[in-house]
Amino acid sequence: MAPDPLNRAFAALADPTRRAIVARLASGEATVMQLAEPFALTQPSISKHLKVLERAGLISRGRAAQTRPCRLEPAPLQHIAQWVAVHRTLWEDSFDRLDAFLASTQPPPPKGKPHGRQR
């Protein structure tokens, strides 16, 4: 049984280096060497990260002469956004119910003069 594409995407994005690569590719194509520049990692290490992102469908690699430019693939990110949107509604509804419950359990404010120093 093949892993769920959403699980692969979340697993790939769990690593901060891969998230940074995705963020960089959001501004346009880049070569492996361009993607490796900001990191204190070797080119083979960056290539391993790129393979994880590619298996998750988050990026694709082309061929242009001697380079293999990487580009962001938006479809898996759209699936993540849809998943988050559905669950965000559920979480917000739960928080709204919790707020209402907490408000109903608060004692009413005391009547009369407030305690404390008088001016």
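Cut-offs applied
- What you see as residue numbers is a count from 1 along each chain, following the sequence as written.
- In keeping with the model being predicted, local features are shown solely for residues with a pLDDT of at least 70 and side-chain atom pairs are shown and tallied solely at 80 or more, while totals for entire chains, interfaces and linings include all residues.
- Heavy atoms from the whole structure form the basis of all side-chain values; hydrogens and water molecules are not counted.
- Each Phe, Tyr or Trp ring, with Trp reduced to its six-membered ring, pairs with another whose centre is within 6.5 Å; inter-plane angles below 30 degrees give stacked pairs, above 60 give edge-to-face pairs, and intermediate values give tilted ones.
- Starting at the N terminus, helices and strands are each numbered in turn, a helix being any DSSP run of H or I of at least four residues and a strand any DSSP run of E of at least two.
- Burial here depends on accessible area, computed with a 1.4 Å probe over protein chains only, as a share of the maximum for the residue type. Under 20% is buried, over 50% is exposed, and the range in between is partly exposed.
- Patch membership is restricted to residues that have no salt bridge and whose relative accessible area is over 30%. Joining uses 9 Å for like charges and 5 Å for the nonpolar side chains Val, Leu, Ile, Met, Phe, Trp and Tyr.
- Working definition of accessibility: Shrake-Rupley area with a 1.4 Å probe, residue cover restricted to the visible protein chains.
- Salt bridges are defined by distance alone: a side-chain nitrogen of Lys or Arg within 4 Å of a carboxyl oxygen of Asp or Glu.
- Any two residues having at least one pair of non-hydrogen atoms within 4.5 Å are treated as being in contact.

**What about the packing of aromatic side chains?**
The full count for this structure, using the stated rule, is one aromatic pair. Centre to centre, the rings of F10 and W83 are 5.4 Å apart; their planes meet at 70°, and the pair counts as edge-to-face. Taken together, the residues span a long stretch of sequence, with F10 in helix α1 (residues 5–13) and W83 in helix α5 (residues 74–105) at a distance of 73 residues. With relative accessibility at 33%, the residue F10 sits in the partly exposed group. The partly exposed category is assigned to W83, whose relative accessible area is 34%.

**Digging into a nonpolar patch on the surface**
A cluster of nonpolar side chains, namely F10, W83, V84, V86, L90, W91, F95, L98, F101 and L102, defines an oily patch on the protein surface of about 960 Å² accessible area. Sort the elements by how many residues they give to the nonpolar patch and α5 lands first, with nine residues. On the secondary structure map, F95 appears in helix α5. We classify F95 as exposed; its relative accessible area is 53%.

**Comments concerning the side chain of H49**
The topology assignment puts H49 in helix α4 (residues 43–55). Given a relative accessible area of 14%, H49 falls into the buried group. Apart from the residues lying within four places of it in its own chain, the contact partners of H49 are D15, T17, R18, I21 and L41.

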